[in-house]
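The chain contents come next:
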Amino acid sequence: MNKEKIKTKLTYFFSLSVICILLVLITYIFFLRTIEVDVMQGLDIQYTGENGMALAVCKNNTLDINQRTQDFLQSVTYTIAPNENLSNGDVVHVSASYDEQLASQYHFKPVHLEADIVVEGLNNRYDSLADIDKKYIDKVLKASLEYVESNVEQIFEINEQKEAEFIEAQSVYRVFMKSNSSKSSDRILVIYRLIYEYQDSRMALYYTVSVPEINDGMKVDKQDIFGEKAYLSDNEWQILDFDAYIQRVYGSQYNIERIE
């Protein structure tokens, strides 16, 4: 009988010892052991601007099953140098800064704090209108018309024609404007004749719509499209000389080509 009691006690103490050892191991693995964290893992570099005039922004998009690791990586900040007028093929140096207190709390040892990245994927400007794909031009023109049709009420309200009844928008003049400055994007500009009725009379308002960022990425960022009333001079108005108007307003800033 005593042997059975002793055996039971030994089994109990052995099991208890195993549990304690496991608890110590778990505590060490998850709470005390220093873990290396690669701060460059999941690094996402996004560029704004075109080839030769781009800027870069870094952030970490790591989705880690360990919430503490994910929280720590999201707190890391990155510095990029150089970070202006970037071109494809340029090499930028990325350095990471982290919260030392948080790293110590989580027993993290950040590694790979610096990296050299080759810039790539930046869009290029077109040399001339002849280089632009017709389908891309058509997409731009369609977006410009949609802009007018979506904002026609605001257009008339801004131009003090609140009671105007819109009839139709007619595209009367279209140009590709290549900027003379790297700080200003190339664009396509369309002049629309907005036909409307006001106090039983049919009238016309001339309105310009600009679609910027024209490049070989062939995207149309609709949120960047903008418009304004075309303020023709008396002489320009008499013969609807849109060439003279565009040259007067934009000629010093852009090389202008007519889109037929």
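Refer to the structure above for everything that follows.
Residues numbered from 1 in each chain as written. Predicted model: local features only at pLDDT ≥ 70, side-chain atom pairs only at ≥ 80, totals over all residues. Heavy atoms only, no water.

Trainee: For this particular structure, what's the right way to read the layout of surface pockets?
Mentor: By rolling a water-sized probe across the atoms, one finds the places where empty space is left. Considering only enclosed or pocket space, the largest pocket measures out at about 200 Å³ in volume. Class assignment of the residues belonging to the lining of the largest pocket gives a composition of no nonpolar, 4 polar and 4 charged. (1 Å grid on protein atoms, 1.4 Å probe; cavity = no way out; pocket = protein on both sides within 12 Å on 5 of 7 lines; lining within 4 Å. Points joined across faces, edges and corners; volume = space filled by probe spheres on them. Nonpolar A, V, L, I, M, F, W, Y, C, P; charged D, E, K, R; others polar.)

Trainee: Which parts of the structure should I look at to understand helix α6 (residues 242-250)?
Mentor: In an α-helix, one full turn covers 3.6 residues, which means residues spaced three or four apart are oriented alike. Looking only at α6, the buried set comprises F242, Y245, I246 and Y250. Axial view of α6: buried residues confined to an arc of 95°, hence all on one face. (Buried < 20%, exposed > 50% of the residue type's maximum accessible area, 1.4 Å probe, protein only. Helix = DSSP H or I, 4+ residues; strand = E, 2+ residues; numbered from the N terminus. Arc of directions from axis to C-beta.)

Trainee: Explain the sheet that holds strand β11 (residues 226-229) to me, please; I cannot follow it from the model alone.
Mentor: Note on sheets: strands pair through backbone hydrogen bonds, and any given pair is parallel or antiparallel. Judged by pairing direction, the sheet is antiparallel, and its 5 strands sit side by side in the order β11-β10-β9-β8-β12 without closing on themselves. Here the strands that pair on one side only, and so sit at the sheet edges, are β11 and β12 (254-258). The mean angle between the axes of side-by-side strands here comes to 30°, regardless of whether they run parallel or antiparallel. Relative to strand β10 (residues 201-212), strand β9 (residues 187-198) runs antiparallel, the two sharing 12 bridges. What sits directly across from L189, in β10, is S210. Across the sheet, helix α4 (residues 134-158) lies against β8 (165-179), β9, β10 and β11, angled at about 40° from β9, the strand it touches most. (Pairing = 2+ DSSP bridges. Axes fitted to C-alpha atoms, helices over the stretch in contact; angles between N-to-C directions. Contact = heavy atoms within 4.5 Å.)

Trainee: Looking at this model, I keep getting lost on the pairing of strand β2 (residues 43-48). Mind explaining?
Mentor: The side chains of a regular strand alternate, residue by residue, between the two faces of the sheet. Sheet analysis places β2 next to strand β3 (residues 55-60), joined by 6 bridges and oriented antiparallel. Bridging across to β3, T48 finds its partner in L55. Hairpin connection between β2 and β3: a loop of 6 residues separates the two successive antiparallel strands, and G49 in this loop has a positive phi of roughly 100°.

Trainee: Honestly, the pattern of salt bridges in this entry has me stumped. Any pointers?
Mentor: One side chain can pair with another of opposite charge once the charged atoms of both are near each other. Inspection of the entire model under this criterion finds 7 salt bridges. In this structure, the salt-bridge partner of E197 is R202, at a minimum N-O distance of 3.4 Å. For R202, a relative accessible area of 57% translates into the label exposed. Three or more residues are tied together by salt bridges with common partners; here these are E50, R125, K178 and D186. (Salt bridge = Lys/Arg side-chain N within 4 Å of Asp/Glu carboxyl O.)

Trainee: Hey, could you run me through the environment of I158 in this one?
Mentor: With respect to the helices and strands, I158 occurs in helix α4. Separated by 71 residues in the primary sequence, I158 and K229 have C-alpha atoms spaced 9.4 Å apart.

Trainee: I'm lost on α4 in this one. Help?
Mentor: With 25 residues, α4 extends 33 Å from end C-alpha to end C-alpha; this agrees with the ideal 36 Å at 1.5 Å per step. Approximately 70° is the largest bend angle found in α4, and it occurs at N151. Within the sequence span of α4, burial applies to Y136, I137, V140, L141, A143, S144, Y147, V148, V152, I155 and F156. Positioned one or two residues after α4, E160 has a phi angle of 60°, which is positive. (Expected span 1.5 Å × (residues − 1). Bend = angle between axes of the 7 residues up to and from the residue.)

Trainee: Is there a simple way to think about the sheet that holds strand β7 (residues 114-118) in this case?
Mentor: Strands sit in the order β4-β5-β7 across an open sheet of 3 strands; the sheet is antiparallel. Strands at the two margins of the open sheet, each flanked by one partner only, are β4 (77-81) and β7. Looking at each pair of strands side by side, their axes are set apart by 30° on average, direction ignored. The sheet contact formed by β4 and strand β5 (residues 91-97) spans 5 bridges and is antiparallel. Bridge pairing in β5 places A81 opposite H93.

Trainee: What am I meant to see in the side chain of R187 here?
Mentor: Turning to its location among the elements, R187 is positioned in strand β9. For the buried R187, no salt bridge is present, and the opposite-charge side chain at shortest range is E213, 7.5 Å distant. In terms of polar contacts, R187 uses its side chain to reach the side chain of Y254, at 3.2 Å. Not counting chain neighbours up to four residues away, the residues in contact with R187 comprise V175, F176, M177, S210, V211, P212, I214, F226 and Y254. (Lys, Arg positive; Asp, Glu negative; His and termini not counted. Polar contact = N/O pair within 3.5 Å; in protein donor to acceptor, adjacent residues only side chain to side chain.)

Trainee: Before we go on, may I ask you to explain the packing of aromatic side chains in this structure?
Mentor: One pair of aromatic rings is described through two measures. These are the centre distance and the angle between the planes. Inspection of every chain in the model, using the stated rule, returns 10 aromatic pairs. Plain terms: the ring middles of Y126 and Y136 are 6.4 Å apart, the flat faces sit at 45° to each other, and that makes the pair tilted. Here Y136 lies in helix α4 and Y126 lies in the loop between β7 and α4, a separation of 10 residues in the sequence. Each member of the pair, Y126 as well as Y136, carries the same accessibility label: buried. (Phe/Tyr/Trp six-rings, centres within 6.5 Å; stacked < 30°, edge-to-face > 60°.)

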